[in-house]
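A look at the structure
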Amino acid sequence: MNMRETFLEAAAEVLDTDANVAVVLADISAAQLAFAARKHPDRVLNVGIREQLMMSTAGGLALAGMRPIVHTFSSFLVERAFEQVKLDLGHQDVGAVLVSSGASYDMPTAGRTHQAPGDVALIDTLPGWTVHVPGHPEEARRLLLESIPGTGRVYLRLSAQENAKAHLGAGLQTLREGGRGVVVAVGPMLDRALEATADLDVTVLYTSTIRPFDAAGLRSAVEAAGSNDVVLVEPYLAGTSAHAVADALSETPHRLLSLGVRRDAEVRIYGEMADHDLAHGLDAGSIALSVKEFLR
Amino acid sequence: MTTDIKTGYEDLPRLISLMTGDEKHQAAAESTVDVLWVLYDRVLDITPENVREPGRDRFLLSKGHGPMAYYAVLAQKGFIHEEELADWTSAESRLGHHPDRARLPVAEISSGSLGHGLPLAIGTVFGLRAKGFRDAKVVTLVGDAELDEGSNQEAIAVAGRIGMPQLTAVVVDNSSATHGWPGGIARRFEVEGWTTRTVDGRDHDALHEALTTPHPDRPLAVVATVERKA
């Protein structure tokens, strides 16, 4: 099962076991949740293709004491209804678990309309959000379950790209240690970052939770490596976490290379995801070249 | 028209006059004062005692700009102290030109940006339903120009199709929508399956009757017509 299927199965289980949870949909994935909707007609709410209403409905549910899960493609979840995210959740001081699928270019033949590489940067303009970027379906499942208790605002970003193995755990996890630099791989970028740096003497850190940013984890990794060169490899807009790295290392002169989806141009190709990886310099080979150039 | 003399309504102009510095929104405040009074005086089961009960009625002020009438009614009904009105919008005050529920818990929603109250009300009805509170009323007050926002069209359609007898939308119509609503505002709601009433927004008995119109299986829209915005 991919991340989206795993999420939908886990959401149906949560609906069965937690009477406080409601799922709000805007047609996307409604067919997959039809059985759960028949079992829980008051708590599986499909408002049709109305993303503003979907997000406000989540706000209203939370105001009434429910724990809403809101799900659609990332471009519609975060971008189309952004003021509702800002006002009907954040400004109301209530929470929800927003779960996107589609990531940056999971639907490459769909073109720009179905791409939202700016989603995490947008959420990052709002205070108090937890942002999970799982790199494996089992991480997605675990992060969803961990997001249900409480009233926090959570963005869970699912992708069709994934790593071979799950790495369950909080904060920055050290997967390899080295002395020439520290590479931070986020979510689905891990396996390619490991491949790209296989012959380099660098520390490789992994996280599936990018907000809050594990500043202490980065500082201790930089200290252990004895190098102040940091490379971010993120599956959304390049540099989205650059400010978090700058804040974490504000006491330490350092250099930073931010890899991610290009900001300088709208890539207007269709093709496969691999074509987009190449176009954005996010395939293992391009990452290797970028890192070697940076550390030279 | 005002049959409730000496019940507190006559206090409202004085309370409103305690708040100054928002002349831009003066008209907005005055257009809503009668609807707000009738709601809190005769329609809603919301008191300072039950205001945090999970099954209470809800009032969502969507038209959050020009909230002087709202604050005045809340003060008159004992939800906030009258003394708070005089220094409203100061850094120390919890009363702003747009209400913030994190500062003022009696406000069910933080509002000011148009097009949020009715969609939030729908989510609140869904939530109360799921919690088993099927008798709590959810009333939201919107402006006629506010209906220009597409988010309200999304909400009107879904509430009408789903039913939602708990829900009431009060539209204070001071003819301020730029392009207007051919056939009248109530028609927008009727075609989506709402029960509708259009009444004089200054007539307390007419407002009370309209706001308590039986509407089994359907949401209720009350269009309260007031004088045209100057």
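Attention in this report is confined to the structure presented alongside it. Per chain, the residues get numbers from 1 upward, laid out in the order the sequence is written. For naming, the first written chain is A and the first written ligand is 1, with later ones following in the order written. Owing to the predicted nature of the model, reporting of local features is limited to residues with pLDDT of at least 70; listing and counting of side-chain atom pairs is limited to 80 or more, with chain, interface and lining totals taken over all residues. To obtain the side-chain values, all non-hydrogen atoms of the structure were included, while hydrogens and water were left out.

**So, the packing of helix α5 (residues 117–130) of chain B against helix α6 (residues 150–162) of chain B**
Residue and element names in this part refer to chain B. In contact at an axis separation of 8 Å, α5 and α6 are set at 30° when each is read in the N-to-C sense. Here Leu 118, Pro 119, Ile 122, Phe 126 and Arg 129 of α5 lie close against α6, whose contacting residues are Ser 151, Asn 152, Ala 155, Ile 156, Ala 159 and Ile 162. Asp, Glu, Lys and Arg are counted as charged, while Ala, Val, Leu, Ile, Met, Phe, Trp, Tyr, Cys and Pro are counted as nonpolar; the rest, among them Gly, fall into the polar class. Looking at the contact of α5 with α6 residue by residue, the class counts come to eight nonpolar, two polar and one charged. An axis is simply a line fitted to the C-alpha atoms; with a helix, the fit covers only the stretch in contact. Between two such axes, the angle follows the N-to-C directions and lies from 0 to 180 degrees. Going along the chain from the N terminus, every DSSP run of H or I of four or more residues is numbered as a helix, and every run of E of two or more is numbered as a strand. Throughout, a contact is declared for two residues whenever any of their heavy atoms are within 4.5 Å.

**Details of the packing of aromatic side chains**
Two numbers describe a pair of aromatic rings. These are the distance of the centres and the angle of the planes. Only the six-membered ring of Trp is used, alongside the rings of Phe and Tyr, when aromatic pairs are assigned; centres must lie within 6.5 Å, and planes under 30 degrees apart are stacked while those over 60 apart are edge-to-face, with the rest tilted. By the definition in use, this model includes eight aromatic pairs over all chains. Consider the rings of Phe 59 of chain B and Tyr 70 of chain B, whose centres lie 5.9 Å apart with planes at 50°: the pair is tilted. Within this pair, whereas Phe 59 of chain B is found in strand β1 (residues 58–61), its partner Tyr 70 of chain B is found in helix α3 (residues 68–76), the two being separated by 11 residues in sequence. When sorted by exposure, Phe 59 of chain B lands in the same class as Tyr 70 of chain B, which is buried. Among the aromatic residues, ring-to-ring pairing joins Tyr 40, Phe 59, Tyr 70, Tyr 71, Phe 79 and Trp 88 of chain B into one connected group. A ring is considered to have a charge above it if a Lys NZ or an Arg CZ atom is located within 6 Å of its centre and within 35 degrees of its normal. Directly above the ring of Phe 294 of chain A sits Arg 255 of chain A, whose terminal nitrogen or CZ lies 4.1 Å from the centroid. Accessibility here uses a 1.4 Å probe with only protein chains present; expressed as a share of the type maximum, an area under 20% marks a residue as buried, one over 50% as exposed, and anything in between as partly exposed.

**Let's talk about the sheet that holds strand β6 (residues 153–157) of chain A**
Residue and element names in this part refer to chain A. Spatial ordering of the open sheet is given by β2-β1-β3-β4-β6-β5-β10, a layout of seven strands whose pairing is mixed. If you trace the sheet from one side to the other, it starts and ends with β2 (44–46) and β10 (209–211), each paired once. For this sheet, the mean angle separating the axes of adjacent strands, direction not counted, is 20°. Inspection of the sheet shows strand β3 (residues 67–73) paired to strand β4 (residues 96–101) by five bridges, in the parallel sense. When the sheet's bridge partners are listed, Thr 72 is paired in β4 with Ser 100. Packed onto the sheet, helix α7 (residues 137–147) meets β3, β4, β5 (129–132), β6 and β10 and runs at close to 170° relative to β6. In this analysis, strands are considered paired if DSSP registers two or more bridges between them.

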